[in-house]
Amino acid sequence: MRGIMRTPGIGCVLLALGLVFLSLCSTGQAIKCFTCSNWSFLKCVTNATCADSENACMRITLSTGESKYSCRIYDKCESKLVSQENGGINNFAIKCCQKDLCNDGLVASPSTVLLLSLAAALLLSS
């Protein structure tokens, strides 16, 4: 008795091609970040969808309280690199995060920064 060999139907071929296509497609979506490229004491309200290569949101805050916001490659959230890219700045903090609009935050006014600095100095001198 001979075995009967069946060829796959058109439905099976289309299903296989569809699965291959879906596996090649990107499943992630680009992250959205606040993006204000000028230094400011004001909270950034402008946001944008980042390029596919940028997988993080970044906020740089100077010791004066001024901040700027951008999209970033998470692996490039390093103080030395950020300092070089921003004219050799010193005394700053970086926040890099990987959720939509996560680089917001309380932006302190210069007087608030001064008050907090004075309070810290008083606590340290006690």
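Notes on the structure in this doc start here. Just so it is clear, the structure is predicted and the values come from calculations on it, not from any experiment.

**Quick word on the overall build of the protein chain**
- Within the protein chain, the secondary structure is distributed over 3 helices and 6 strands.
- Along the chain direction, N to C, the helices and strands of the protein chain fall in the order α-β-β-β-β-β-α-β-α.
- For the protein chain, with 126 residues in total, the buried portion stands at 21%.
- Put simply, of all contacts in the protein chain between residues at least 6 apart along the chain, 57% involve residues at least 24 apart.
- Taken as a whole, the protein chain presents about 9400 Å² of accessible surface, with 61% of it coming from carbon and sulfur.

**Overview of the nonpolar core**
- Residues I31, C33, C50, C57, C71, C97 and C102 constitute the largest nonpolar core, which totals 7 residues.
- Excluding residues within four positions of it along the chain, C97 makes contact with I31, A56, C57, Y74, C102 and N103.

**With respect to the state of the cysteines**
- Scanning the model with the defined rule gives 5 disulfides in all.
- C36 shares a disulfide with C44; S-S distance 2.0 Å. Residues C36 and C44 are joined by a disulfide whose S-S torsion is about 80 degrees; by sign, that bridge is right-handed.
- There is a disulfide in this structure between C77 and C96, and the S-S distance comes to 2.0 Å. With the S-S dihedral at roughly -90 degrees, the linkage between C77 and C96 falls on the left-handed side. Linking C77 in the loop between β5 (67-72) and α2 (79-85) with C96 in strand β6 (residues 92-97), this pair joins segments that are 19 residues apart in sequence.
- Look at C77 and you get partly exposed, because its relative accessible area is 21%.
- Taking only the cysteines that form disulfides and numbering them from first to last, the protein chain has the pattern 1-5, 2-3, 4-6, 7-8, 9-10.

Definitions and limits used
Residues numbered from 1 in each chain as written. Predicted model: local features only at pLDDT ≥ 70, side-chain atom pairs only at ≥ 80, totals over all residues. Heavy atoms only, no water. Helix = DSSP H or I, 4+ residues; strand = E, 2+ residues; numbered from the N terminus. Buried < 20%, exposed > 50% of the residue type's maximum accessible area, 1.4 Å probe, protein only. Contact = heavy atoms within 4.5 Å. Areas by Shrake-Rupley, 256 points an atom, 1.4 Å probe, with all protein chains shown as cover. Core = buried A, V, L, I, M, F, W, Y, C linked by side-chain atoms within 4.5 Å. Disulfide = S-S within 2.5 Å.

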